[in-house]
Amino acid sequence: MVTTHDIVLINVDNKPGFYARIEELTPDVKPGWWQVRLMVFTFPLQMFTWILDEFQLDGADFTMGGTPIRMEQVVPPVEQEQLQEGRGEKEQQERAAHNSGNPKVISLSDRRKK
């Protein structure tokens with residue numbers, strides 16, 4: 001789920017529409033719904049407040065006036081690379097731990113005597 005100060009891409013009619021930053025998330029009077037205050041990166045800057053549920057904050061499609069809208073979080077390329085590297089290292093550690101279940105110990109002193 002997106003949080004405060006995240007950058008999001010708003011897709012309008014299944015096409016990239018505009019970028020915005022989430023300025024504030026406050027619970028709405030309806031349970032499971034949020035008032036989302038967005039600063040839209042236009043010239044001049046605009047402020048929108050949308051009321052969205054948790055699924056819509058996670059990227060589910062919804063409509064406004066019959067127009068399909070979707071919000072997706074923008075992840076900077078550097079952070080995305082770091083996440084992928086972290087996953088790769090974690091997978092290697094898991095494989096090493098799985099493969100080293102019962103390692104065989106060989107005594108070097110016993111080998112020299114032969």
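To keep things clear, this report deals only with the structure shown in the data block.

Analysis parameters
Residues numbered from 1 in each chain as written. Predicted model: local features only at pLDDT ≥ 70, side-chain atom pairs only at ≥ 80, totals over all residues. Heavy atoms only, no water. Pairing = 2+ DSSP bridges. Helix = DSSP H or I, 4+ residues; strand = E, 2+ residues; numbered from the N terminus. Axes fitted to C-alpha atoms, helices over the stretch in contact; angles between N-to-C directions. Buried < 20%, exposed > 50% of the residue type's maximum accessible area, 1.4 Å probe, protein only. Contact = heavy atoms within 4.5 Å. Salt bridge = Lys/Arg side-chain N within 4 Å of Asp/Glu carboxyl O.

Here 7 bridges tie strand S2 (residues 15–27) to strand S3 (residues 33–40), and the two strands are oriented antiparallel to one another. Looking at the pairing, Arg-21 lines up with Met-39 of S3. What sits between S2 and S3 in their antiparallel hairpin is a turn of 5 residues, with Gly-32 showing a positive phi close to 85 degrees. Summarising the sheet, S3 and strand S4 (residues 46–53) pair through 8 bridges and their orientation is antiparallel. Within the sheet, the bridge partner assigned to Met-39 lies in S4 and is Met-47. The hairpin turn running from S3 into S4, its antiparallel successor, is 5 residues long.

Looking now at the sheet that holds strand S6 (residues 67–73). Taken in spatial order, the 6 strands of this open sheet run S4-S3-S2-S1-S6-S5, and their pairing is antiparallel. Of all the strands in the sheet, the pair left with one neighbour each is S4 and strand S5 (62–64). Neighbouring strand axes in the sheet, compared pairwise and without regard to direction, differ in orientation by 40 degrees on average.

Moving on, we get to the environment of Tyr-19. With respect to the secondary-structure elements, Tyr-19 resides in strand S2. On the basis of relative accessible area, Tyr-19 is assigned to the partly exposed category, the value being 43%. Taking C-alpha positions, Tyr-19 is 9.7 Å from Glu-72, a pair spaced 53 residues apart along the chain. Those residues in contact with Tyr-19, other than ones at most four positions away along the chain, are Ile-7, Val-8, Leu-9, Met-39, Val-40, Phe-41 and Val-74.

If you walk through the whole model with that rule in mind, you get 3 salt bridges. Glu-23 serves as the salt-bridge partner of Arg-21, at 2.5 Å between the closest nitrogen and oxygen. By relative accessible area, Arg-21 is classed as partly exposed at 27%. With its nearest N and O atoms 2.5 Å apart, the salt bridge here joins Glu-72 to Arg-70. When its relative accessible area of 31% is taken as the criterion, Glu-72 is described as partly exposed. For Arg-70, a relative accessible area of 26% corresponds to the partly exposed category. Because the salt bridges share partners, they merge into one network encompassing Asp-61, Arg-70 and Glu-72.

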